[in-house]
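Survey of secondary and tertiary structure
Next come the chains, spelled out residue by residue.
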Amino acid sequence: MEKVYQAMNALEAHSLKGLLASHQIDCVLKGETLSAAVGELPPDVQGVTLWVDPEKVTQARTLLQEYETQSYTHWVCQVCGEENAGSFELCWQCQHSRE
């Protein structure tokens, strides 16, 4: 297994694990139990890491890079005109789809 990502927290890690699984990429999470030691450990070892088989590393990193890029891109709802974060699939104001 090869490390492909360090998530900010367990919630993000599980979401990304689901993203990879939806593309038939098996993923193992490591470091979930370290959250109990927050404040005792340096920040760089507190995050949950995602690990995949070596033959899936390129595909996984591409998907994770798209995820990161999408997180910084804002979009405007065509129904209500509200600005939304790139990670939102639905408008936070009126609940209409991004498409």
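This text follows the structure it describes.
Residues numbered from 1 in each chain as written. Predicted model: local features only at pLDDT ≥ 70, side-chain atom pairs only at ≥ 80, totals over all residues. Heavy atoms only, no water.

**Looking at the environment of A10**
Formally: Labels follow the DSSP assignment, with helices taken as runs of H or I lasting at least four residues and strands as runs of E lasting at least two, numbered in each case from the N terminus. With a 1.4 Å probe rolled over the protein chains alone, any residue whose accessible area is under 20% of its type maximum counts as buried; one over 50% counts as exposed, and the rest are partly exposed. Only heavy atoms enter the contact rule, under which two residues are in contact if any of them lie within 4.5 Å.
Mapped onto the elements, A10 comes out in helix 1 (residues 10-21). For A10, a relative accessible area of 33% gives the class partly exposed. Note: C-alpha distance between A10 and K30 (20 residues apart in sequence) is 9.8 Å. Residues in contact with A10, not counting those within four places in the same chain, are E32 and V48.

**Points about the pairing of strand 3 (residues 49-52)**
Note on strand geometry: in a regular strand, side chains alternate between the two faces of the sheet. What counts, and what does not: Paired strands, in this sense, are two strands between which DSSP finds at least two bridges.
Judged from the four bridges that link them, strand 1 (residues 2-6) and strand 3 form a sheet pairing that is antiparallel. Bridge pairing in strand 3 places Q6 opposite T49. The sheet contact formed by strand 2 (residues 28-30) and strand 3 spans three bridges and is antiparallel. What sits directly across from L29, in strand 3, is L50.

**Details of the packing of aromatic side chains**
Definition in use: Only centres within 6.5 Å qualify two rings of Phe, Tyr or Trp (six-membered ring in Trp) as a pair; their planes then separate them into stacked at under 30 degrees, edge-to-face at over 60, and tilted for everything else.
On inspection of all chains with the given rule, the structure shows one aromatic pair. Taking 6.4 Å as the distance between ring centres and 80° as the angle between the ring planes, the aromatic pair formed by Y5 and Y67 counts as edge-to-face. With Y5 in strand 1 and Y67 in helix 2 (residues 57-72), this pair connects stretches of sequence that are 62 residues apart. Given the relative accessible area of 11%, Y5 is considered buried. Residue classification places Y67 among the partly exposed positions, given a relative accessible area of 23%.

**Focus on the environment of T58**
Residue placement: T58 occurs in helix 2. For T58, a relative accessible area of 61% translates into the label exposed. Through-space distance from the C-alpha of T58 to that of V4 is 9.0 Å; in sequence the pair is 54 residues apart.

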